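Observations on the three-dimensional arrangement
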Amino acid sequence: MSSTILAAEPDAPVSPTRAEASPGRIAIVVDYDGADRYEALRHRIALPGHATDLYVARGRRIPGLSGSDPLPIDAASWLARQRRNPEFDHVVFLRHPFVTSAEIADGLQKLRDSGEAAYFLIPGLNELLTLGFVALAIYDLRNPALKPPPKPAAERARRTLARHLPLPVKQFLKDRLSSIGLSQVGLPAPAVAPAAPGSIAADGAVRISTQKSVAWVMDSENPERIPFTYSLGDRSLQKKFFVEDVARHFPAPRTICLVLSNQCNLKCVMCPYHSPLFIQNRQTDYFDDKRWMPLALVERLVGELKDNDQPLTFHMGELDEPLLHPHIAEIVRLLASVPHSTVHITSNGNLMSGDLARAIIEGGIKSIQFSVDAQTQETYKKIRGAKLEKVQRNVERFLRLRDELKPGLYVNLCIINQDGAADEIEDFKAYWRAKGASSVSVYQLFKPAEGNNAQWVVPNKYFEEKTRTPCTALWDQCFIYPDGEVSLCCTTLIRVPQDGIISKGNFNEQSLREIWFGALYQKVRADLIDERFDDHKYCADCDNWSSSYQYRKKLADGTEFVYGESMGYYFFPAGDRK
């Protein structure tokens, strides 16, 4: 078979434990559609250094390129055969026409330096957002790690896979990985947390996934080890992936936040919407009249999503108390009927009667957060102005009904680290762990910036991300308000008292799909890729852009602590619940 040429640098440094790991004989497999794009392939892989054999998957040849033999069988089966009886030192799968020779060489170099058995390049956005497909895969067939991991590790990896990946992507991953035994893990690079002095992240925590990230790793003993990069690095490619081709890669929001009303039954001191401390700063009349989302709007939304084929979460309780809505049980039932959906409610719990709890559990709710914020009556009265005993009784009854009707229902209890409550956090965690909660979250306090009531900041963060990047919201979520307005993110939500609703379309006039792919959304997406944050005041003033950056670590008491800049979750072992 004739050869083309590919190489990493011949004199590149090698791992001291794997001095034999420099690339030798290489098989390049072209595994993507589009024969019209093959003509540039010769130039992209023509680098001096190592002989390579060139194959084309799917039974094809490259027009006009001699020596490009079709694979005799499908790509996954061929790779499995090579694992058993390797004819090459490395196998390179090109799965996207934009992969460059420099990226191939970089992958070979990373394999050499890391001692790992597999390298994957996933198109990404500043290490924050990935598309869920692999553009380049390189396998070191000489590495003994290139074998199926032990079953417990494989099971653990599958449970860790980001559950918000579209179903077609999950199926693709399953098909690709089952034949070669790779783990699937929802974790991004880098594996080493930034060592900011005095930060929690400095003591060995590991960065974990955004809701869209997926990593494939070979180290079955430590699935968090990430030997590859995310970003293709080219701005024009990011524009193509995240703007021009958004309909292909992000066909719908994966989280839809429904603001059911502009009402709440409490006036918590820290609330940007209903606190007496901040009402005087309102600059719009949005809260002057009561607004309720019509049931017909929810029915229309459910109708549009009746053929949904990807994991989708509905959030309620972002600005309002959702249990105030007269049709809340019916809304839960309707939303739960959407295929592959998760219905979540955030509530203060004061209105959670036994009948209502049973109705929403049986209606299909899968996740709920109770925002309690205190462990003593004195503190609860000061912060929320109500009776702690009542809400504790309501939540404990809900937990008992959960165990009776739907043991897998996720229940989180929330407390905000603020004056008064800070000294009660440990008691709060212990109390609700003993009662059977799935987790406790500790939020850092958001408050208005000095001299700017429209800008909310987090003075005491768990850690601080310094390099500004686009956030994931424009590709991940949307907010639908009672009158049908569709807005972007949590920052546009928190600015409602000052700016009103920053709308990108109205669901009463357009379909959600039309809004999601509309010019107003696309303009913001393009500006974020170009890092034109100052063009949008909600981006320019945002102190929550890095909320998708998260870390995790195991604690001595068996809990797993997962935290971003402004919030941390203590997940209790399943064995806590008898």
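Conventions and cut-offs
- Residues numbered from 1 in each chain as written.
- Predicted model: local features only at pLDDT ≥ 70, side-chain atom pairs only at ≥ 80, totals over all residues.
- Heavy atoms only, no water.
- Buried < 20%, exposed > 50% of the residue type's maximum accessible area, 1.4 Å probe, protein only.
- Helix = DSSP H or I, 4+ residues; strand = E, 2+ residues; numbered from the N terminus.
- Arc of directions from axis to C-beta.
- Contact = heavy atoms within 4.5 Å.
- Phe/Tyr/Trp six-rings, centres within 6.5 Å; stacked < 30°, edge-to-face > 60°.
- Lys NZ or Arg CZ within 6 Å of the ring centre and 35° of its normal.
- Pairing = 2+ DSSP bridges.
- pLDDT = per-residue confidence, 0-100.

1. Details of helix H12 (residues 377–384)
- Listing the buried residues of H12 in full gives Thr379, Tyr380, Ile383 and Arg384. Along the long axis of H12, the arc covered by the buried residues comes to 100°, so they all point the same way. Structural note: H12 exposes Glu378 and Lys382 on the side pointing more than 90 degrees away from its buried face.
- Those residues of H12 that are buried lie in contact with strand E14 (367–371) and helix H13 (388–405).
- Directly after H12, the chain includes glycine 385, whose backbone phi takes a positive value near 70°.

2. Comments concerning the packing of aromatic side chains
- Under the defined criterion, the tally for this structure stands at eleven aromatic pairs.
- A ring pair is formed by tryptophan 78 and phenylalanine 88, whose centres lie 6.2 Å apart and whose planes are at 50°; its orientation type is tilted. In this pair, tryptophan 78 is assigned in helix H2 (residues 75–84) and phenylalanine 88 in the loop between H2 and strand E5 (90–94), connecting sequence segments ten residues apart.
- Under the relative-accessibility criterion, tryptophan 78 is labelled buried at 3%.
- The rings of Tyr410, Tyr443, Tyr569 and Phe571 are connected pair by pair, giving a single aromatic cluster.
- Positioned above the aromatic ring of tyrosine 570 is the side chain of lysine 429, whose terminal nitrogen or guanidinium carbon lies 3.7 Å from the ring centre.
- Its guanidinium or amino end placed over the ring of tryptophan 516, arginine 525 lies 4.6 Å from that ring's centre, counting from NZ or CZ.

3. Digging into the pairing of strand E9 (residues 136–140)
- Where burial is concerned, most of E9 is hidden: five out of the five residues are buried.
- In the sheet, E5 pairs with E9 via five bridges, with the strands oriented antiparallel. Following the sheet pairing, valine 92 is matched in E9 by isoleucine 138.

4. Details of the confidence of the model for the protein chain
- Chain-level statistics for the protein chain give a pLDDT mean of 74 and a share of 67% at 70 or above.
- Taken as a whole, residues 34–40 scores under 50 in pLDDT and shows eleven contacts with residues more than four places along the chain or in a different chain.
- A low-confidence stretch, residues 168–233 stays under pLDDT 50, and its non-local contacts, those more than four residues away or across chains, total 211 contacts.

5. Quick look at the side chain of histidine 325
- Positionally, histidine 325 belongs in the loop between strand E12 (312–316) and helix H10 (328–336).
- You can call histidine 325 buried: its relative accessible area is 4%.

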